[in-house]
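Chain residues, written in single-letter form:
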Amino acid sequence: GMSQPNILLIITDQQRFDSLGCYGFEAAHTPNLDRLANQGLLFEHCYVNNPICTPSRASLMTGQHLPGHGVYQLYDNLPDDQVLFTEYLQQLGYHTALFGKLHVCSRYTEVYQRHPRDGFDVYEWCLEHNIDLDSPLNGYARWLQSVDLVFYQQLCRQGRKLLHVPREVHMTHWAAERTIDYIDNSDNPFFCAMSVFDPHNPYQDYPLEIGDLIDEEKIPDPFVLESDFEETLPTLKRLSIEGGNARKLSKEELRQMRFGYHASIALIDLEVGRVLEALDHKGIVDNTLVIFVSDHGDMLGDRLQMTKGGFFYDACVRVPLLMR
């Protein structure tokens, strides 16, 4: 009944707050997420606990700040005694499923083993679409082998160099397919995490035709202040290995990067639309809490910074949060 609603958590990777139409971004093509926002709640000031994947996701999944769960860096592991909230849902009678990223531990750990308290009945893990394809836990790789062996072999050979992944074999499409299948065959109450790798770099992994949905002219150039060029900037900011340095890229390269980022989000929106239709089709919209969120943002060349790192600018730590 309504006392135990189904929960669908859709989580993206590295998606900044101002990347959806409902957050005022004019170049976006996000009709499904905009509709979700209109039918539910849009949070204007959702800040994550940390600008790096693993600590942020550990906070999301345990409900704790960094000192509470002990994960501070990208390659830290969530201690074995930490409990993910999914385990508590299991104790309340929920059936639980993961399709995609978890990343509460180092990828080098997650390739080989699950966290003992991860709380998932169904665990189809995939950290990112082009690495660790030989992991026994990699659900995307197993699926790819069955739907398109030729593409799978090509991906194994080329890895991150393989760009413009066709939609029908894209990791975002896989996560949606598995989520839809799970919804179609689930009894209430269920918790399902659809956790995708995009719009994380490499930015050119979107299916080519999806680019047609984005109005390139409306994408703004990076936000840079005169002071960002000063050599007296704090060492952490200047040398942040994770963040990189946008000064090395031409304006054209920066624009191409931003275009790919937003094309990836257009694909996410299309696939989320299909998942929301599945809830509709099953007649469980009124009894399903849908949550859309990301683990952190992306500087995208703003303030001369790339991707993520040791910065607490809004572009990096402020994310979209929708609930319906």
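The structure displayed is predicted, hence computed values, not measured ones.

(A) The arrangement of the overall build of the protein chain in detail. A tally of helices and strands in the protein chain yields eleven helices and seven strands. Taking 2.2 N^0.38 as the reference for a compact globule, 324 residues should give roughly 20 Å; the C-alpha atoms of the protein chain span a radius of gyration of 19 Å, in line with that estimate. The dimensions of the protein chain, computed from C-alpha atoms along their principal axes, are 55 × 45 × 45 Å. Long-range contacts, defined here as pairs at least 24 residues apart, represent 75% of the contacts in the protein chain between residues at least 6 apart. Accessible surface computed for the protein chain: about 13900 Å², of which carbon and sulfur atoms make up 52%. Side-chain charges of the protein chain comprise 27 positive and 46 negative groups, with the mean position of each set lying 3 Å from the other.

(B) Expanded view of the pattern of salt bridges. Enumeration according to the criterion identifies 20 salt bridges in this entry. Between Lys101 and Asp13 there is a salt bridge, with its nearest N and O atoms 2.5 Å apart. In this pair, Lys101 sits in the loop between β3 (95–100) and α5 (107–110) while Asp13 sits in strand β1 (residues 6–13), placing the two residues 88 residues apart along the sequence. Judged by relative accessible area, Lys101 falls into the buried class, the value being 4%. Taking relative accessible area as the criterion, Asp13 reaches 0% and is therefore assigned buried.

(C) Inspection of helix α6 (residues 139–147) at higher detail. The complete set of buried residues in α6 reads Gly139, Tyr140, Ala141, Trp143 and Leu144. Turning to α6, the residues buried within the fold contact β4 (122–125), α7 (149–158) and α8 (171–184). Taking the backbone nitrogen of Tyr140 as reference, a side-chain oxygen 3.1 Å away marks Asn138 as the first, capping residue of α6.

(D) Up close: the packing of aromatic side chains. Scanning all chains against the criterion turns up ten aromatic pairs. When the centroid spacing of 6.2 Å and the interplanar angle of 25° are considered together, the rings of Tyr140 and Trp143 count as stacked. In this pair, Tyr140 and Trp143 are both assigned in helix α6, three residues apart and thus about one turn of the helix distant. The residues Tyr140 and Trp143 share a single accessibility class, namely buried. In this structure an aromatic cluster arises from ring pairing among Phe85, Phe120, Tyr123 and Phe191. Positioned above the aromatic ring of Tyr123, the side-chain terminus of Arg114 is 4.2 Å from the ring centre. In this structure, Arg318 packs its charged tip against the face of Phe17, placed 3.9 Å from the ring centre.

(E) Up close: the sheet that holds β4. Spatial strand order, β2-β7-β6-β1-β5-β3-β4: seven strands in an open sheet with mixed pairing. Each edge of the open sheet carries a strand with a single partner, namely β2 (41–43) and β4. Each strand axis lies, on average, 10° off the axis of its neighbour in the sheet, ignoring direction. Sheet analysis places β3 next to strand β5 (residues 190–199), joined by six bridges and oriented parallel. Within β5, the position partnered with Gly100 by the bridge is Ser195.

(F) Local environment of empty space enclosed by the protein. For the coordinates displayed, the defined rule picks out three cavities of 30 Å³ or more. Its volume calculated, the largest cavity comes out at about 80 Å³. The wall of the largest cavity is formed by Leu9, Ile11, Arg57, Leu60, Met61, Leu98, Lys101, Leu102, Phe120, Phe191, Ala193 and Ser195. Of all the secondary structure elements, the ones that give two or more residues to the lining of the largest cavity are β1, α2 (53–62) and β5.

(G) Main features of the nonpolar core. Tyr140, Leu144, Phe151, Phe292 and Leu322 are the most contacted members of the largest nonpolar core, which has 51 residues in total. Contact partners of Phe151, with chain neighbours within four places excluded, come to Tyr140, Leu144, Leu162, Val165, Pro166 and Val169. In this structure, Leu9, Leu78, Leu84 and Tyr94 belong to the second largest nonpolar core, which totals 29 residues.

(H) A look at the pairing of β5. Among the ten residues that make up β5, ten are buried, leaving the element largely enclosed by the rest of the structure. In this structure, β1 lies alongside β5, joined through six bridges in parallel fashion. Within the sheet, the bridge partner assigned to Asp13 lies in β5 and is Pro199.

(I) Broad picture of the environment of Glu277. With respect to the helices, strands and loops of the structure, Glu277 is situated in helix α10 (residues 251–282). Between the C-alpha atom of Glu277 and that of Val104, which follows or precedes it by 173 residues, the distance is 30 Å.

(J) Here's a closer look at unusual backbone geometry. Between Asn188 and Pro189 the backbone carries a cis peptide bond, its omega angle lying at -10°. The topology assignment puts Pro189 in the loop between α8 and β5. A positive phi is found at Leu304, a non-glycine position, where the angle reads about 65°. The class of Leu304 is buried, set by a relative accessible area of 8%. Look at Thr307: it is not a glycine, yet its phi comes out positive at around 40°.

What counts and what doesn't
Residues numbered from 1 in each chain as written. Predicted model: local features only at pLDDT ≥ 70, side-chain atom pairs only at ≥ 80, totals over all residues. Heavy atoms only, no water. Helix = DSSP H or I, 4+ residues; strand = E, 2+ residues; numbered from the N terminus. Rg over C-alpha atoms; globule rule 2.2 N^0.38 Å. Contact = heavy atoms within 4.5 Å. Areas by Shrake-Rupley, 256 points an atom, 1.4 Å probe, with all protein chains shown as cover. Lys, Arg positive; Asp, Glu negative; His and termini not counted. Charge placed at Lys NZ, Arg CZ, Asp CG, Glu CD. Salt bridge = Lys/Arg side-chain N within 4 Å of Asp/Glu carboxyl O. Buried < 20%, exposed > 50% of the residue type's maximum accessible area, 1.4 Å probe, protein only. Polar contact = N/O pair within 3.5 Å; in protein donor to acceptor, adjacent residues only side chain to side chain. Phe/Tyr/Trp six-rings, centres within 6.5 Å; stacked < 30°, edge-to-face > 60°. Lys NZ or Arg CZ within 6 Å of the ring centre and 35° of its normal. Pairing = 2+ DSSP bridges. Axes fitted to C-alpha atoms, helices over the stretch in contact; angles between N-to-C directions. 1 Å grid on protein atoms, 1.4 Å probe; cavity = no way out; pocket = protein on both sides within 12 Å on 5 of 7 lines; lining within 4 Å. Points joined across faces, edges and corners; volume = space filled by probe spheres on them. Core = buried A, V, L, I, M, F, W, Y, C linked by side-chain atoms within 4.5 Å.

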